[in-house]
Amino acid sequence: MRLRAPYKSPLRARLKEQTSIIILEAVATILREVDLTAVSIAEVARVAQMSEQTIYRHYSSRDALLRAFTQYYLDKETGGPERALPETIAELLDWVASRYRAWETDYRIVSEIYLAPVGRELREPLHAIGYKNIMRMLERERPNLDADARSDIAAAMLTLMSTENFVFLHRTLGFGAKQVHTSVKTAIDAILAGTN
């Protein structure tokens, strides 16, 4: 008798993925209206129009659901593992302008999820990628800088472009996406002008 590999239904896998997206989009819908405390399995099930049991089949707990949502949202926003990185500082500043517009549209999601412990944890690898990419840009565009100066400037640029800075300027000063981008670009231009 010949042994067969277990059958994996492509349709079942596709349906599972679609159901997962419906659940995660329900979390987004909730967070666009209220804060993180309102996200419960029961509320997600209500918004997604499915049973709590279905939610639990996909996510074992509220924490698992929020972690999956945060990763989903980060991947959706940044392009996921296949993301293309900006090649120049000008491209980087254009890219961050588009992020600020998206963050302004989904301000509650950004301020509730990105700044939560799970959001900070999941964004750490992105910070490392961003820092290395800025270092490469500076090496190409400002070859006169020594390694320490490049590192300091890359760290400052990363901080200026951060979600934390966006939320601070939006919440504290009432800046919209365009004002945040203008202030960040002005500061980065001033820093870089000092390197000539």
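Quick note: structure is the one above.
So, a few notes on the structure that sits alongside this text. Quick caveat: nothing in here was measured; it's all calculated off a predicted structure. (Residues numbered from 1 in each chain as written. Predicted model: local features only at pLDDT ≥ 70, side-chain atom pairs only at ≥ 80, totals over all residues. Heavy atoms only, no water.)

### Side note on unusual backbone geometry
- The phi torsion at glutamine 49 lies on the positive side, around 60°, for a residue other than glycine.
- Among the secondary structure elements, glutamine 49 is positioned in the loop between helix H2 (41-48) and helix H3 (52-58). (Helix = DSSP H or I, 4+ residues; strand = E, 2+ residues; numbered from the N terminus.)

### Observations regarding the layout of surface pockets
- Roughly 470 Å³ of volume is contained in the largest pocket.
- If you trace the largest pocket, you find 24 residues lining it, with Thr78, Trp95, Leu126, Gly130 and Leu158 closest to the centre.
- Secondary-structure elements contributing two or more residues to the lining of the largest pocket are helix H4 (62-78), helix H5 (89-105) and helix H7 (117-141).
- In terms of residues, the lining of the largest pocket owes the most to one element, H7, which gives seven residues.
- Class assignment of the residues belonging to the lining of the largest pocket gives a composition of 14 nonpolar, six polar and four charged. (1 Å grid on protein atoms, 1.4 Å probe; cavity = no way out; pocket = protein on both sides within 12 Å on 5 of 7 lines; lining within 4 Å. Points joined across faces, edges and corners; volume = space filled by probe spheres on them. Nonpolar A, V, L, I, M, F, W, Y, C, P; charged D, E, K, R; others polar.)

### Things to note about the nonpolar core
- Core analysis: the largest hydrophobic core is formed by 54 residues, its most contacted members being Val44, Phe69, Tyr100, Met157 and Met161.
- It is helix H1 (residues 10-33) that provides the largest number of residues to this core, a total of seven residues.
- If sequence neighbours within four positions are ignored, methionine 157 has contacts with Ile89, Leu92, Ile134, Leu138 and Ile188. (Core = buried A, V, L, I, M, F, W, Y, C linked by side-chain atoms within 4.5 Å. Buried < 20%, exposed > 50% of the residue type's maximum accessible area, 1.4 Å probe, protein only. Contact = heavy atoms within 4.5 Å.)

### Comments concerning the side chain of threonine 195
- Positionally, threonine 195 belongs in the segment after helix H10 (177-193).
- Polar side-chain contacts of threonine 195 include one of 2.5 Å to the backbone oxygen of leucine 192.
- When near neighbours in sequence (up to four residues on either side) are disregarded, threonine 195 contacts Arg142, Asn144, Leu145 and Ile153. (Polar contact = N/O pair within 3.5 Å; in protein donor to acceptor, adjacent residues only side chain to side chain.)

### A look at the packing of aromatic side chains
- For the structure shown, the criterion picks out seven aromatic pairs.
- Ring centres 6.3 Å apart and planes at 85° place the aromatic pair tryptophan 103 and tyrosine 114 in the edge-to-face group. Placement of the pair is tryptophan 103 in helix H5 and tyrosine 114 in helix H6 (residues 107-114), with a sequence separation of 11 residues. Like tryptophan 103, the residue tyrosine 114 is buried in the burial classification.
- Their ring planes at 55° and their centres at 6.5 Å tell us that tyrosine 107 and phenylalanine 166 sit as a pair that is tilted. On the criterion of sequence distance, the pair formed by tyrosine 107 in helix H6 and phenylalanine 166 in helix H9 (residues 163-173) is long-range, its members being 59 residues apart. (Phe/Tyr/Trp six-rings, centres within 6.5 Å; stacked < 30°, edge-to-face > 60°.)

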